[in-house]
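Single-letter residue listing:
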Amino acid sequence: ESGITRPKGYNVSFHCNPDMEKHHFGMTHPMKPWRLTLSKSLIYSYGMSFAMDNYISRAATYEELASFHSTDYLDFLGTVLPEPVPRDLENQNPDLKFNLGGSDCPLFDGLYDYCSLSAGGALDAARKITSKQSDIAIAWGGGLHHAKKAEASGFCYINDIVIAILELLRFYPRVLYIDIDVHHGDGVEEAFFSTDRVMTVSFHKYDPHNFFPGTGALDDNGPKNEHNPGAHHAVNVPLNDGITDEQYDMLFNSIIGKIVEKFRPSAIALQCGADSLAGDRLGRFNLQVQGHGACVEFCKKVGLPLILFGGGGYTPRNVARAWTYETSIAVGCQDNISPVLPQHTPWREQFRQDTLFPTLEQILGEPRQNRNPQKRLQEIVQHISEQLRFVQA
Ligand code: TV7
Ligand code: CA
Ligand code: ZN
């Protein structure tokens, strides 16, 4: 008896496809699609499937992918093979076509299926929202925020978020995009650079020369030249190593609170990249499952239609913890679930500790030094408050 019940008049839908999870980027590549299987198994072990509408998502069609991506790029993506390409003259050119086939964005078996399944889940989630069948729709297989119109980037080939937001824009005047992945949400920002109907906000580690992708400075707020309606509609929160739950919560609440008030979105799309957690293989922050989840809780409390996307996350046991806790927040059972992992959780040994909320000491041994002075965080909030004077709903 899990004690998880379905709240009346409040719907959460969960979109996934096991076929997506079986793909491999390569042995040493940090992106592990099986982290989705691990997450789902923990979510189901807690009995949360009984509190949601569960859907096996379909693959997005070529036309759906082409709502954002160029057909040149899609055609190439649909035909490239993982096999070693013939070493003809063209292939000796170190410039990769559409940035495909390098170590970050390798060509692997079933790549096109993987991409279209990720986008299919995100689109299904968006359609459950626009048809008002769901209040919150979850697509942990999406959130691939770096992909560009005609270019793969940073483990991302198809920008499922942009495709889903374009669908929301058919029904809603304004969409707020929030990105708590440790990396800058550059692909989504760029896609909506010239519209005032989408405001993008990314919190990320910023170090232009040493951390990918190097963009997302505080004063990168959309092209200010011309008469660009999208000017001021990109918000960037550049952070340093070691930020804590308490600091992140303060920033998130004050920044998102002000933006909701000023921009008055009709829906929220939240990318929940779990590489901002402490102990992530690529991340640099000290966030715990509780602090990461607090962002989801804040967005839910705004009371607007909400899509939750996945994203980064390179220590699978912690990804599974965060997305399980965030699923519980979505369905509203976070105060009723046990902090001790269910006895019958598959792959229980993957988790090392049998708690949903490991302490920083359990995760790291010793926490990473916090390089975010309070004064700098205040300056960031101040800059964004000033930026928002130019934003009118
Ligand atoms: C959304 N960091 C994606 C984040 C994308 C980050 C990068 C790696 C990496 C790739 C590997 C690998 C790695 C240990 C880490 C400038 C480079 C440096 C490749 C070795 N190990 C998201 C992308 C980022 C691939 N890329 O936001 C195969 O780290 O920094 C870079 C670029 C050139 C390429 N090299 C890294 O979370 C989903 N890549 C091991 C094997
Ligand atoms: Ca981010
Ligand atoms: Zn990331």
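Everything that follows concerns the structure shown earlier in this document.
Just so it is clear, the model here is predicted, and its values are computed rather than measured.

1. Describing the coordination of the calcium ion (ligand 2)
Six octahedrally arranged donors around a metal ideally form angles of 90 or 180 degrees; four tetrahedrally arranged donors ideally form angles of 109.5 degrees.
Right, so step 1: Binding of the calcium ion (ligand 2) to the protein goes through Asp179 (O), Asp179 (OD), Asp181 (O), His183 (O), Ser202 (OG) and Phe203 (O), at separations of 2.5 to 3.0 Å.
Right, so step 2: Given 6 donor atoms and angles of 69 to 167° at the metal, the environment of the calcium ion (ligand 2) is assigned as irregular.
Right, so step 3: Sequence spacing of the donor residues for the calcium ion (ligand 2), all on one chain, is D-x1-D-x1-H-x18-S-F. You can see His183 sitting in the loop between strand E4 (175-179) and helix H7 (186-191) and its partner Ser202 sitting in strand E5 (residues 198-205), a full 19 residues away along the chain.

2. A few points about unusual backbone geometry
Working note: non-glycine residues mostly have negative phi, and peptide bonds are mostly trans.
Right, so step 1: The step from Phe212 to Pro213 runs through a cis peptide bond, and the omega angle for that step is -10°.
Right, so step 2: Looking at the element boundaries, Pro213 is found in the loop between E5 and strand E6 (234-239).
Right, so step 3: You will see that Phe155, though not glycine, has its phi angle at about 70°, which is positive.
Right, so step 4: Of note, the phi angle at His232 is positive, near 70°, even though the residue is not glycine.

3. Focus on the site of ligand 1
Right, so step 1: The local shell around ligand 1 holds 19 residues, among which Asp104, His145, His146, Asp275 and Tyr314 are the closest.
Right, so step 2: His183 places a side-chain nitrogen or oxygen 3.1 Å from an oxygen atom of ligand 1.
Right, so step 3: Here the residues of the shell around ligand 1 sort into 7 nonpolar, 9 polar and 3 charged.

4. Remarks on the sheet that holds strand E2 (residues 53-56)
Right, so step 1: Strand order across the open sheet formed by 8 strands is E2-E1-E3-E8-E7-E4-E5-E6, with parallel pairing between neighbours. On the outer flanks of this sheet lie E2 and E6, each paired with one strand and no other. The average angle at which neighbouring strand axes cross in this sheet is 15°, direction not considered.
Right, so step 2: Relative to strand E8 (residues 306-309), strand E3 (residues 136-139) runs parallel, the two sharing 4 bridges.

Parameters at a glance
- For every chain, the first residue of the written sequence is number 1, and numbering continues from 1 along that sequence.
- By the order in which they are written, chains take letters starting at A while ligands take numbers starting at 1.
- Local features in this predicted model are restricted to residues whose pLDDT is 70 or higher, and side-chain atom pairs enter the listing and the counts only when it is 80 or higher, whereas totals over whole chains, interfaces and linings include all residues.
- To get the side-chain values, all heavy atoms of the structure are used, and hydrogens and water are removed first.
- Metal donors were taken as nitrogen, oxygen and sulfur atoms no farther than 2.8 Å from the ion, or 3.2 Å where the ion is Na, K or Ca. Water is excluded, so coordination may look unfinished.
- Geometry is assigned from the angles between donors: four donors with all angles from 85 to 135 degrees make a tetrahedral site, four or six donors whose opposite pairs exceed 155 degrees while the rest stay between 65 and 115 make square planar or octahedral sites respectively, and everything else is labelled irregular.
- Every helix listed is a DSSP run of H or I at least four residues long, and every strand listed is a run of E at least two residues long, numbered separately from the N terminus.
- One heavy atom within 4 Å of a molecule or strand makes the whole residue count as near it.
- Identification of polar contacts relies on pairs of N or O atoms within 3.5 Å, with a donor-acceptor requirement for protein atoms, meaning one able to donate a hydrogen and the other able to accept it, and with residues adjacent in sequence counted only if both atoms are side-chain atoms.
- Residue type decides the class: Asp, Glu, Lys and Arg count as charged, Ala, Val, Leu, Ile, Met, Phe, Trp, Tyr, Cys and Pro as nonpolar, and the leftover types, Gly among them, as polar.
- Any two strands between which DSSP finds at least two bridges are classified as paired.
- Simply put, an axis is a line fit to the C-alpha atoms, just over the touching stretch for a helix, and the angle between two N-to-C directions goes from 0 to 180 degrees.

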